Structure formats: structure tokens, C-alpha cells
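Architecture at a glance
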Amino acid sequence: MKIRLVQMVAGSCPHDRIRSPLYRIANLAAVQRMGLFADLPVGLGRLPRQSDQLLSGDGVPVMERALHFLRRWIGFSAAVLFGLFGLLSLPSPASAQTRPGRMVVATAEAGPIWASQATFDRSEERIVIADPGSGRVYVYASNGRILRRIASPGRGVLEFEKPNLPFLVGERFLIAASPYRWVWFSASLEPLSGWSLEWEERENGRDAALAPYEVAVSETALYAIGAVQSQKGDWSDWGVFEVPLNGHALRQLSTIDKDAEERSFYQTPPSNLAACGANVFLLTMGERVSIEQVAPASHTLRSVPAEFRNRPSMPALTRESLPLRKAAQRNVAAAEGLFCRGNNQLLLLTHRPRKTEGVQWLVYPIDASKDVLGAAVELPTFAAEIIFVPGVKKWAILEKGEMKRVGIQPLTRIITFPAPATRPSTASPLRSR
């Protein structure tokens with residue numbers, strides 16, 4: 001089980017014969033096999049037939065009929081109570097050391113069909129989703145209702161046909177309109193200006209374009225796993241690159257190994273890059289999974305749970321094999337993505353199959369400045385694929401339904417709850433689960 005970026009159809013990139021790398025696989029996610037209440041209505045269809053039999057004049061003594069009905073009713077009530085008990089026993093923020101508040105579980109109003117990333121607004125009362133599948137930007141309330149649908153089709157500076165990857169940067173939003181073209185939006189999501197990862201020679205005498213596969217954004221720069229095209233038309237090898245939000249200068253921070261299997265994990269959401277202020281981290285998916293700080297200095301963190309240090313073996317990543325790969329991912333333990341919480345705290349998203357059915361999602365806080373692993377927080381969901389949205393005061397989980405085909409995978413539910421408090425793990429970084 002897992003997620004990530006999808007092919008958006010805009011532009012082409014000759015590097016590695018990959019077309020529109022940023023959107024090559026947006027939300028290649030696993031098929032969600034079960035709803036949380038799939039087994040709750042056991043026996044719900046039987047009561048009317050039992051009632052009809054009780055009232056039919058077939059000569060059975062009234063007392064015997066009444067006892068028969070009572071036994072059936074007790075059985076029915078037990079089934080309902082069993083289902084409710086299962087619901088109450090779901091992992092919740094309360095069991096994960098949450099702050100006072102309440103969890104809200106809501107059915108998501110139909111809208112996005114191929115989203116891979118979302119962000120809170122500044123108040124953390126609304127969730128912003130840019131969906132390349134429907135070509136719209138959506139604003140959701142925590143009750144699952146869509147507050148706004150924003151469409152601006154076209155290829156102009158402030159237009160977008162396949163928006164993706166929304167980031168909250170200060171009081172503004174930065175949203176991808178294509179692999180190379182981005183749009184700045186105000187706090188009220190009014191388009192303000194365009195921003196590009198393609199440059200004329202007069203702007204950047206050496207580099208012509210940055211083709212991003214995965215992206216992270218800080219207050220001052222965009223960071224991407226990708227490749228760079230020179231003004232002469234040549235393409236670089238893969239690396240982690242930095243582009244200031246107020247300029248055109250491009251800087252390479254690190255290189256990416258040529259291992260094709262490792263690179264496949266950098267083409268599926270969520271991002272393996274996290275920009276925490278001036279500190280930039282990469283969840284490397286080599287044979288041995290690790291977290292590397294790539295800026296401002298290079299450093300390897302030891303704080304990766306032992307269970308998730310080995311990279312799972314997955315089918316090759318192609319558009320045709322995507323459903324098979326996603327189905328395989330939900331049956332293995334794997335590190336899923338990297339997120340920031342402040343300037344020095346990382347959140348490592350992981351998953352593993354449950355013993356019964358569904359997927360267990362765990363978030364590990366990591367104090368990057370001390371290289372200390374925190375106790376795992378279990379997310380309150382059984383879904384096979386999710387979009388994880390960590391805020392300062394709140395966290396959100398967007399559950400995704402079954403992948404009908406590549407490019408069609410709607411949201412099903414939205415779960416919001418107070419951001420859990422974190423504490424150090426009792427185990428050492430090298431022996432933690």
C-alpha cells in the first residue's frame with residue numbers, strides 16, 4: 001500500500017524517456033479493499049422476515065412464537081453491538097497521546113478523482129486539494145463538504161488545466177499548474193502570479209529547466225528530486241536540487257543513485273523530500289532505507305525504525321503495472337513518506353498490514369537535531385491508501401477508495417483530529433520497532 005505523483009500530460013521530458021515526470025504517477029495508490037464499517041450490518045436484512053413470520057397465522061403457539069422472536073432479536077442486537085464495539089476499538093487520537101479535542105470523521109463530498117497531496121490553510125480549519133484528474137482546486141471543510149471548487153482552464157500564467165501539489169508558504173499557496181509551471185495564490189485562493197522552472201538563457205545562462213519528480217517547499221526555496229536540462233539541451237543525472245522562490249539560480253544538493261528500483265519510489269506519492277525551514281531531508285529508498293540530511297550540511301540519521309529499514313521488493317513501476325504494485329505494497333511493511341513538524345522535527349509515515357484486514361498506519365516523530373526517534377503514533381484508519389496532512393494544531397487523513405483505473409481514485413472519507421503530542425521512544429534508535 002502506498003501513494004504518490006501522476007502523469008499530467010503537459011509537456012515532455014526526454015530525460016530517461018519519461019513524459020512529464022512530476023505528474024508521472026500521482027496517487028498511484030493501492031486499492032482500498034475495505035470500508036471501516038464493511039461488516040457492521042450483519043443480519044440487518046433478516047428482521048423484517050422474522051417479523052412477518054411472527055405475525056403470520058400458521059398455528060404456532062403465541063408464547064413459542066414470542067420466545068422465538070426474542071431469541072432472534074437478541075441475536076440481532078448482539079450483532080449490532082459487536083459492530084459498534086469494533087468501531088469504538090479503532091485506533092484513535094486519544095490512544096495516540098492526543099491533545100484535548102475531538103476527532104471528526106466525515107464522508108468526503110465527491111470531487112477529486114486523482115489527488116496525491118493536500119495542505120491545511122493557515123487556520124487549519126480547511127483543507128486545500130489540487131486535483132489533476134478533475135482539473136480543479138478544492139477547499140474542504142472538516143465535515144467533508146466542499147466549500148469551493150476552483151477551475152481556470154488554459155495555459156496562461158494564472159491558468160491551470162491539471163493542478164497538483166498544493167503548498168502553504170507563509171500566507172500564500174503555491175500550486176503546480178504543470179511540471180514546470182506554478183501559480184501563486186493568495187490566502188483566499190485568488191491567483192496572484194506565475195512562477196516557472198523553465199528559464200531563458202538571459203535568466204539562467206547554464207540551466208534551461210528543472211524536471212521534478214518529487215517536490216518539497218520551504219519559506220524560501222523549492223526542493224526537488226529530478227533532472228536538469230542545460231541551455232544546450234543536455235540532461236543531467238538525477239539529484240536533489242534547490243531553486244530559490246525569489247530567483248532563478250539552481251543548486252544541486254546531492255545525487256541520486258542509479259538503482260532503478262530505488263528511483264521508482266521517488267516517482268510515487270507521498271514525497272520522500274521534506275523541507276523543514278533551512279533543513280532539507282531525503283528518505284532514501286536504497287536497499288537499506290535511511291534518512292539523509294542534504295542541506296545545509298550532509299548527515300545520515302540513525303533514527304529509522306528497524307522494521308522499516310529494508311526496502312520492500314516491488315513489481316517494476318509502469319502505468320500498466322501500477323494497480324499490481326499498489327496491491328503488493330499494502331501487504332508489506334514500508335516507509336511511506338517524510339513530513340516536517342517545525343524546523344527540526346520530522347514525521348516518518350509508515351505502514352504495515354494488520355493481522356486481520358486492512359492497513360496499519362504509523363507516524364514516527366524524529367528529533368532531527370538530536371537524532372532521536374519518538375514513540376509511534378497510530379493513525380485512526382484501516383484504509384489501504386491515504387493522503388496524510390499534518391498541521392501544527394491538527395492532523396488530517398484523507399482516505400481513498402478503490403482505484404477504478406489509473407487516473408480514477410476518488411476520496412471516500414476525511415478524518416481530522418488534534419495533533420498528537422509526541423514523546424521519546426523507550427527504545428534506542430537502532431532497536432526501535
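Let us look at the structure shown here. (Residues numbered from 1 in each chain as written. Predicted model: local features only at pLDDT ≥ 70, side-chain atom pairs only at ≥ 80, totals over all residues. Heavy atoms only, no water.)

As for the overall build of the protein chain
Basically, it comes down to this: The helix and strand labels rest on DSSP assignments: H or I over at least four residues marks a helix, E over at least two residues marks a strand, and numbering proceeds from the N terminus. In this scheme, a residue with accessible area under 20% of its type's maximum is buried, one over 50% is exposed, and one in between is partly exposed, where area comes from a 1.4 Å probe on protein chains only. Only heavy atoms matter for contacts: two residues are in contact if any of them lie within 4.5 Å across the pair. Methods summary: accessible areas were calculated by the Shrake-Rupley approach with a probe of 1.4 Å, and residue burial reflects only the protein chains presented.
When you go through the protein chain residue by residue, the secondary structure sums to four helices and 27 strands. Burial status across the protein chain gives 55% buried among its 433 residues. For the protein chain, the proportion of contacts with a sequence separation of at least 24, taken over those separated by at least 6, is 55%. Within the structure as shown, the protein chain displays about 19100 Å² of accessible surface, and the carbon and sulfur contribution to it stands at 54%.

Things to note about the sheet that holds strand 12 (residues 207–217)
Which entries qualify depends on this criterion: Here, strands pair whenever DSSP counts at least two bridges between them. Only the stretch in contact is used when a helix axis is fitted, and all axes are lines through C-alpha atoms; the angle between N-to-C directions ranges over 0 to 180 degrees.
Taken together, the four strands give an open sheet; going across it, the order is 12-13-14-15, and neighbouring strands pair in antiparallel fashion. At either margin of the open sheet sits one strand with a lone partner, and together these are strand 12 and strand 15 (251–255). Each strand of the sheet is rotated relative to its neighbour by a mean of 40°, with strand direction disregarded.

Quick notes on the layout of surface pockets
What counts here: Here a cavity denotes a set of grid points, spaced 1 Å apart and computed over the protein atoms alone, in which a 1.4 Å probe fits but from which it cannot get out, and a pocket denotes an open set meeting protein on both sides within 12 Å along at least five of seven lines; residues with an atom within 4 Å of a point are reported as lining. Grid points are joined across faces, edges and corners, and a volume is the space filled by probe spheres set on the points.
The calculated volume of the largest pocket comes to roughly 1100 Å³. For the largest pocket, the lining is made up of 44 residues, of which T119, L168, V217, C340 and P390 are closest to its centre.

Notes on unusual backbone geometry
A cis amide bond, omega 0°, links P269 with the succeeding residue P270. One can find P270 in the loop between helix 3 (260–265) and strand 16 (273–276). Although it is not a glycine, L189 adopts a positive phi angle of roughly 65°. With respect to the secondary-structure elements, L189 resides in the loop between strand 10 (181–185) and strand 11 (191–196). Positive phi values are uncommon outside glycine, yet D371 reaches one of about 55°.

Thoughts on the pairing of strand 10
In terms of burial, strand 10 is largely enclosed, as five of its five residues are buried. By the alternation rule, side chains of strand 10 split into R181, V183 and F185 and W182 and W184, which are all buried. Of the pairings in the sheet, the one linking strand 9 (residues 172–176) to strand 10 comprises four bridges and is antiparallel in character. When the bridges of strand 10 are listed, A176 appears paired with W182.

Section: helix 4 (residues 322–329)
Along an α-helix, a turn takes 3.6 residues, which lines up residues three or four apart on a common side. Convention followed: Working note: the arc is built from the helix axis to C-beta atom directions.
Residues of helix 4 that are buried: L322, R325, K326 and Q329. Viewed along the axis of helix 4, the buried residues span an arc of 95°, placing them on a single side of the element.

Notes on the sheet that holds strand 6 (residues 136–141)
Strand order in the open sheet made by the four strands is 4-5-6-7, with antiparallel pairing throughout. Edge strands, defined here as strands with exactly one partner in the open sheet, are strand 4 (118–120) and strand 7 (146–150). Each neighbouring strand pair of the sheet contributes to a mean axis angle of 20°, computed without reference to strand direction. Two strands pair when backbone bridges link them, and strand 5 (residues 126–131) and strand 6 are joined in this way by six bridges, in the antiparallel orientation. When the sheet's bridge partners are listed, I129 is paired in strand 6 with Y138.

Brief notes about the packing of aromatic side chains
Defined as follows: Each Phe, Tyr or Trp ring, with Trp reduced to its six-membered ring, pairs with another whose centre is within 6.5 Å; inter-plane angles below 30 degrees give stacked pairs, above 60 give edge-to-face pairs, and intermediate values give tilted ones. For a ring to carry a charge above it, either NZ of a lysine or CZ of an arginine must fall within 6 Å of the ring centroid while also lying within 35 degrees of the normal to the ring plane.
What the rule picks out here adds up to eight aromatic pairs. Aromatic pair Y138 and Y140: ring centres 6.5 Å apart, planes at 40°, arrangement tilted. Comparing Y138 with Y140, the two get one shared label, buried. Following the ring pairs from residue to residue traces out a cluster consisting of F339, F388, W395 and F417. Sitting above the plane of the F265 ring, R325 keeps its charged end 4.9 Å from the centroid.

Considering the nonpolar core
To be explicit about the condition: To qualify as a nonpolar core, a set must consist of buried Ala, Val, Leu, Ile, Met, Phe, Trp, Tyr and Cys residues joined through side-chain atoms within 4.5 Å.
Core analysis: the biggest nonpolar cluster contains 38 residues, and I291 and L346 have the highest contact counts within it. When contributions to this core are tallied by element, the ones reaching two or more residues are strand 12, strand 13 (221–230), strand 16, strand 17 (279–285), strand 18 (289–295), strand 20 (334–340), strand 21 (345–353) and strand 22 (359–367). No other element matches strand 17, which puts five residues into this core. Excluding residues that lie within four positions of it along the chain, I291 makes contacts with F281, L282, L283, H299, T300, L301, S303, V304, L338, L346 and I366.

Here's the deal with the pattern of salt bridges
Counted only if it meets this: By definition, a salt bridge exists where a carboxyl oxygen of Asp or Glu is found within 4 Å of a side-chain nitrogen of Lys or Arg.
By the definition in use, this model includes 17 salt bridges. Across the pair E242 and R251 runs a salt bridge whose closest N-O atoms are separated by 2.9 Å. The partly exposed category is assigned to R251, whose relative accessible area is 44%. R354 is paired through a salt bridge with E378; the nearest N and O atoms lie 3.2 Å apart. Taken together, the residues span a long stretch of sequence, with R354 in the loop between strand 21 and strand 22 and E378 in strand 24 (residues 377–378) at a distance of 24 residues. A relative accessible area of 17% means that R354 is categorised as buried. Classification of E378 as partly exposed rests on a relative accessible area of 22%. Among the ionic contacts, a cluster of salt bridges with common partners joins E109, R145 and R149.

It is worth stressing that arrangement in space is one thing and function is another; only the former is reported here.
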